[in-house]
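Okay, here's what each chain looks like letter by letter:
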Amino acid sequence: MLSDAVDPGWVATKMGGSGATDDLRPAPVTQAWPAADDDAAALVIGRYFHHQQPRPPHPATRSPEVQDRLLKYCADLTGVELPTAVSDD
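Here the structure is a predicted model, which is why all the values come from computation and not from measurement.

**Topic: the overall build of the protein chain**
On a plain count of helices and strands, the protein chain comes out with two helices and three strands. Along the protein chain, helices (α) and strands (β) appear in the sequence β-α-β-β-α when read from the amino end. Counting only C-alpha atoms, the protein chain reaches 45 × 35 × 25 Å along its principal axes. With 89 residues in all, the protein chain has 15% of them scored as buried. The contacts of the protein chain with a sequence gap of at least 6 include a subset with a gap of at least 24, amounting to 45%. As presented, the protein chain carries roughly 7200 Å² of accessible surface, and 58% of it is formed by carbon and sulfur atoms. With 7 positive and 13 negative side-chain charges, the protein chain shows a separation of 9 Å between the mean positions of the two kinds.

Dropping the structure here:
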């Protein structure tokens, strides 16, 4: 299973607003590309794409502490806790 993150950019939508500076046309292409294209560049795992180009994610995304805080925040919001990973020991 492939899993990636895509960023349509800051586009002029109701959420982005009329002052958004990115072009709306490539936004849906970037979202559909990893799901529907056989392009080798799209068939990767765990990448972050903006306009079909790999980009480095924010460094905080690689922090276990930030990940733990995010999961706790989500659990507090929803009342649903994700199961903890079980080690092979």
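So much for the structure itself; the text now carries on.
**Comments concerning the sheet that holds strand β3 (residues 53–54)**
If you trace the three strands from one edge of the open sheet to the other, you get β1-β2-β3, paired in mixed fashion. If you trace the sheet from one side to the other, it starts and ends with β1 (5–7) and β3, each paired once. In this structure, strand β2 (residues 48–50) lies alongside β3, joined through two bridges in antiparallel fashion. Bridge pairing in β3 places His-50 opposite Gln-53.

**Digging into the packing of aromatic side chains**
Working definition: an aromatic ring pair is given by the centre-to-centre distance plus the angle between the planes. Scanning all chains against the criterion turns up one aromatic pair. Aromatic side chains Trp-33 and Phe-49 sit 4.9 Å apart centroid to centroid with 90 degrees between the ring planes, which places their arrangement in the edge-to-face category. Here the residue Trp-33 occupies a position in helix α1 (residues 26–36), and Phe-49 occupies one in strand β2, the gap between them amounting to 16 residues. For Trp-33, a relative accessible area of 6% puts it in the buried group. Taking relative accessible area as the criterion, Phe-49 reaches 1% and is therefore assigned buried.

**Digging into the confidence of the model for the protein chain**
For the protein chain, per-residue confidence averages 84 on the pLDDT scale, and 92% of positions sit at 70 or higher. Within the protein chain, the lowest mean pLDDT, 82, falls on α1, and the highest, 93, falls on helix α2 (residues 64–78).

What counts, and at which threshold
- Residues numbered from 1 in each chain as written.
- Predicted model: local features only at pLDDT ≥ 70, side-chain atom pairs only at ≥ 80, totals over all residues.
- Heavy atoms only, no water.
- Helix = DSSP H or I, 4+ residues; strand = E, 2+ residues; numbered from the N terminus.
- Buried < 20%, exposed > 50% of the residue type's maximum accessible area, 1.4 Å probe, protein only.
- Contact = heavy atoms within 4.5 Å.
- Areas by Shrake-Rupley, 256 points an atom, 1.4 Å probe, with all protein chains shown as cover.
- Lys, Arg positive; Asp, Glu negative; His and termini not counted.
- Charge placed at Lys NZ, Arg CZ, Asp CG, Glu CD.
- Pairing = 2+ DSSP bridges.
- Phe/Tyr/Trp six-rings, centres within 6.5 Å; stacked < 30°, edge-to-face > 60°.
- pLDDT = per-residue confidence, 0-100.

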